[in-house]
Amino acid sequence: MDHESYSWISRRAHQIWQEEGCPEGKDREHWAKAMAERMEVENGTTVTPSVAGHAGKILVVDDEPIIRYATVDALEEAGFEVLEAGNADEAFAVLANNRVDAVFTDVNMPGSTDGIGLTKQIRANSPNTRVIVTSGHVRLGRFDLASGVSFIPKPYTYDALIGMLRTPPLKRH
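Note that the structure is predicted; figures quoted are calculated from it, not measured.

A. Representation of the sheet that holds strand 2 (residues 81–85) within the structure. The five strands are arranged 2-1-3-4-5 in an open sheet whose pairing can be described as parallel. If you trace the sheet from one side to the other, it starts and ends with strand 2 and strand 5 (149–153), each paired once. With direction set aside, neighbouring strand axes in the sheet form an average angle of 20 degrees. Summarising the sheet, strand 3 (residues 102–106) and strand 4 (residues 130–135) pair through five bridges and their orientation is parallel.

B. Region of interest: the side chain of T129. Structurally, T129 is set in the loop between helix 5 (115–125) and strand 4. Only 2.5 Å separates the side chain of T129 from the side chain of S126, close enough to count as a polar contact.

C. Molecular detail of helix 3 (residues 65–77). Relative to the 18 Å expected for 13 residues at 1.5 Å per residue, helix 3 spans 18 Å between its end C-alpha atoms, a close match to the ideal helical length. In this structure, the buried residues of helix 3 make contact with strand 1 (57–61), strand 2, strand 3 and helix 6 (158–165). One or two positions beyond helix 3, positive phi appears at G79, with a value near 100 degrees.

D. Representation of the packing of helix 3 against helix 6. Helix 6 packs onto helix 3 with a crossing angle of 55 degrees between their chain directions and a minimal axis gap of 10 Å. On the basis of the axis angle, helix 3 is oblique to helix 6. For the crossing formed where helix 3 meets helix 6, the hand is right-handed. Taking contact as the criterion, the partners of A70, T71, A74 and L75 in helix 3 are, on helix 6, Y158, L161, I162 and L165. Counted by class, the contact of helix 3 with helix 6 contains seven nonpolar, one polar and no charged residues.

E. Highlighting the packing of aromatic side chains. One pass over the full model with this rule turns up two aromatic pairs. When the centroid spacing of 6.1 Å and the interplanar angle of 75 degrees are considered together, the rings of Y156 and Y158 count as edge-to-face. In this structure an aromatic cluster arises from ring pairing among F104, Y156 and Y158.

F. Summary view of the pattern of salt bridges. Following the criterion strictly, the structure yields four salt bridges and no others. Residue D101 is joined to R99 by a salt bridge in which the shortest nitrogen-to-oxygen separation is 2.5 Å. If you follow the salt bridges from partner to partner, you end up with D62, D106 and K154 in one network.

Rules used in this analysis
Each residue is numbered by its place in its chain's sequence as written, counting from 1. Local features in a predicted model are, by the rule used here, given only for residues with pLDDT of at least 70; side-chain atom pairs are given and counted only at 80 or more, and totals for whole chains, interfaces and linings are based on all residues. Side-chain metrics rest on all non-hydrogen atoms present in the structure, leaving aside hydrogens and water. Here, strands pair whenever DSSP counts at least two bridges between them. Numbering goes from the N terminus for both helices and strands, where a helix is a DSSP run of H or I of at least four residues and a strand is a run of E of at least two. Lines are fitted to the C-alpha atoms to define the axes, a helix being fitted only along its stretch in contact, and any angle between axes, read from their N-to-C directions, falls within 0 to 180 degrees. In the analysis that follows, any N or O atom pair within 3.5 Å is treated as a polar contact, provided that within protein one partner can donate a hydrogen and the other can accept it, and provided that, for residues neighboring in sequence, both atoms belong to side chains. Helix span, as expected, comes to 1.5 Å for every residue beyond the first. We call two residues in contact when some of their heavy atoms are within 4.5 Å. Any angle from 65 to 115 degrees is called roughly perpendicular, while one under 35 is roughly parallel, one over 145 is roughly antiparallel, and all others are oblique. Helix crossings are classified by the rotation of the near helix relative to the far one: an anticlockwise turn of less than a right angle makes the crossing left-handed, while a clockwise turn makes it right-handed. Under the scheme applied here, ten amino acids are nonpolar (Ala, Val, Leu, Ile, Met, Phe, Trp, Tyr, Cys and Pro), four are charged (Asp, Glu, Lys and Arg), and all others, including Gly, are polar. For Phe, Tyr and Trp, where Trp contributes only its six-membered ring, two rings pair if their centres lie within 6.5 Å, and the inter-plane angle classes them as stacked under 30 degrees, edge-to-face over 60, or tilted in between. A pair is scored as a salt bridge if a Lys or Arg side-chain nitrogen falls within 4 Å of a carboxyl oxygen belonging to Asp or Glu.

Pasting the structure below:
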């Protein structure tokens, strides 16, 4: 299974879990439903909703200014409204004053916490916010991240990142 398919299935399984009221012990069932939906999409029997133009607000968190600026530019060109932060502490301040639909964060950053700590706080405070984690130093697998959190390794392509952000968003309750 390629990374894009895995990320889509993971997000969809999390969405199904939320839609069913967050029940315990049904992870395998939710994963199977999400896999079946993905197979329909890949076989062309279902059209995946595409997010064209304005897709909501995305917060990009990266301590490397050039990487952050380039990512922000690419996402804005793709039609997203983008906010930015240089570390998790700045991200917490942005999140306190803005509703965002997704957070794209690096793992290794200076400050009081790293991208993983930021992800945990986002999951605790805003479980419907989509989170995508990236790193060029560590590789995180499906068991290293919370349900519904995706990983894309550096160097990533903007098309791959945009594709992840354009998959159906989690429903808000």
